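What follows is the residue order along each chain.
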Amino acid sequence: MRPCRTGRNLRPAPLLAAALFGILIPVPSASGQAAAGNRILGLVPPQTSTSKATIQIQDVDGGCRTAALRCSGVLPGLKPGGSGGSAYDPRHDSLWIADSLAIEEWALAPACRKICTTKTVLMNPKASLRGLAIADRRGLLYVLESAPGYVGIRPWFLRSCPPVPTRGGCSLTLRDSRALAGGLAYDEFRDLLYFTVSRPAFVGWVTDLYVAPASNPCKAVKSALGTCQTGANPWGPVTGLAYEACSKRLYATDGSDTLLVLLLDPLKLVWKSLGCCRKGSAGTWTGLAVLPGWKRRDTGSGCSGKGCPFCGRIRQTLVGGIPSLGNPAFGLQVENGPIPGFGILLLGVGPCGKGLRLPFLCAPFFPSLAPPPLAILSGALSGKGQCLGSVRQPLPLPADPRACGLTLCAQWLVLCGAGSGLALSQAIEFTLAGT
């Protein structure tokens, strides 16, 4: 095992993550691969004056299945046909949704619940909110506002609840006074913002994709995006946009149909269409986000060996949301451990093994030994009971395309007292998701 020292007085978490993944990620490694299980989700306004707005979810890549209800009773001020936006937050496994009146954050699991809300503040009082996007690496929520012939983008600080608007907004005046901006997405790997501008044509609408650095959203290049033509229904103005960095896929919707685009080199305007998918259920998308696909598997069980208090419920958990690349809040935590005790996180590349039995351990050891796992010295357990000790190891995930789909196996080793015995948690095997 390779020791990697950390703790409150040792290496800061971001530097630790950089060191970890500089060792863990194989080089060279494939990038741009689609992560299994990605789905889109977003805000759907009420259909009548007596119904309520909802959050719906759809598996677009896995056979274009019909969109289904995920959360109900959101954004009570949103009217039928109203505009809005959506953005996924991996820190809380949550969806931010907004209209021109309010911004809300809704936890998606294990059950839908509102966890943050604030009033929408727009730069242009005549505009409406038309898109949201989150930049994990920047800790910002970007808000797109639109009026005929006008585009505005402003970042909000997202470090705490409620988010706070910054003074760093910018605006564009469009040549076509009928044109409407709609949909906003962020590219975590390239640090780019994507948004669309749609304008009426002889039949339906035509849409341009704008690509801009996140540091200067109004300094953009643009190109025609393309459309979905489904039967006799012409393509409408884009109402939602989402992007998944590992697969390099952009999702653009006019509310009823979603266009899939592979962004090969967005700054050089090089991309290709991957087809279309109809929403299939009642209501239309108003704002779009990607729910990254990832996998988790627990194996083994916790135990305490000779020389430790009997703490049979010791276990580890994933904290800080999902293991999405760019997520600054992600980490692992050991719980229900012995006090006094010192936690060591063992982190290996690849799937968990069948379990290696060693005479000095009370249960099998699961991380792969080739390459040897990292041993991260996390610190002393704390808590209010002999078997209620815990310690958390931050592991902010870098926005590194080489890590797309990487599988890791984690297990905690706890030294009891002055090293008089050893305890083990179960092992968790998990994959790193896109963003």
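Quick note: structure is the one above.
What you are looking at is a predicted structure, and each value in this text was computed from that prediction instead of being measured. (Residues numbered from 1 in each chain as written. Predicted model: local features only at pLDDT ≥ 70, side-chain atom pairs only at ≥ 80, totals over all residues. Heavy atoms only, no water.)

*Asks:* How do you make sense of unusual backbone geometry when you look at a structure like this?
*Replies:* Of all residues except glycine, most have a negative phi; of all peptide bonds, most are trans. Here the residue pair I339 and P340 is connected by a cis peptide bond, since its omega of 0 degrees sits within 30 degrees of zero. Note on placement: P340 falls in the loop between β26 (331-337) and β27 (341-349). That bond from A370 to P371 is cis: its omega, 0 degrees, falls within 30 degrees of zero. Relative to the elements of secondary structure, P371 occurs in the loop between β27 and β28 (374-380). A positive phi angle, close to 60 degrees, is found at D191, a residue other than glycine. (Helix = DSSP H or I, 4+ residues; strand = E, 2+ residues; numbered from the N terminus.)

*Asks:* Help me understand the pattern of salt bridges in this model?
*Replies:* Pairs can form between side chains of opposite charge once their charged atoms are near each other. Applying the stated criterion across every chain, the model contains 13 salt bridges. Notably, a salt bridge pairs D176 with R178, separated by 3.2 Å at the nearest N-O pair. R199 serves as the salt-bridge partner of D208, at 2.9 Å between the closest nitrogen and oxygen. Since its relative accessible area comes to 9%, D208 is described here as buried. (Salt bridge = Lys/Arg side-chain N within 4 Å of Asp/Glu carboxyl O. Buried < 20%, exposed > 50% of the residue type's maximum accessible area, 1.4 Å probe, protein only.)

*Asks:* So what exactly am I meant to see when it comes to the side chain of T317 here?
*Replies:* With respect to the helices, strands and loops of the structure, T317 is situated in strand β25 (residues 315-319). Note on T317: relative accessible area 12%, which makes it buried. Here the side chain of T317 touches E335 through a polar contact of 3.5 Å, side chain to side chain. (Polar contact = N/O pair within 3.5 Å; in protein donor to acceptor, adjacent residues only side chain to side chain.)

*Asks:* In this structure, what is going on with the nonpolar core? I would like to understand it.
*Replies:* One broad rule of soluble globular proteins: the nonpolar side chains tend to lie buried together. In this structure, Y194, L209, L250, L263, L332, F430 and L432 are the most contacted members of the largest nonpolar core, which totals 47 residues. Counting residues in hydrophobic clusters, the runner-up holds 20 residues, among them A135, V151, A179 and V197. (Core = buried A, V, L, I, M, F, W, Y, C linked by side-chain atoms within 4.5 Å.)

*Asks:* Where do I start with the state of the cysteines in this structure?
*Replies:* Chemically, a disulfide is nothing more than a covalent bond linking the sulfur atoms of two cysteines. Under the defined criterion, the tally for this structure stands at 10 disulfides. Disulfide pairing is shown between C246 and C404; the S-S distance is 2.1 Å. Given an S-S torsion of about -90 degrees, the disulfide between C246 and C404 has left-handed geometry. Of this pair, C246 sits in the loop between β18 (240-244) and β19 (249-253) while C404 sits in the loop between β29 (389-394) and β30 (407-416), and the two are 158 residues apart along the sequence. (Disulfide = S-S within 2.5 Å.)

*Asks:* Is there a simple way to explain the pairing of strand β5 (residues 85-89) in this structure?
*Replies:* Within a regular strand, the side chains alternate between the two sheet faces. Taken across its five residues, β5 has five buried, putting it largely inside the fold. Of the two faces of β5, both are covered, the one formed by G85, A87 and D89 as well as the one formed by S86 and Y88. Relative to strand β6 (residues 94-98), β5 runs antiparallel, the two sharing five bridges. Among the inter-strand pairings, A87 is bridged to a residue of β6, identified as W96. Taken together, β5 and the strand that follows it, β6, pair antiparallel across an intervening segment of four residues, in which D93 is found at a positive phi of about 50 degrees. (Pairing = 2+ DSSP bridges.)

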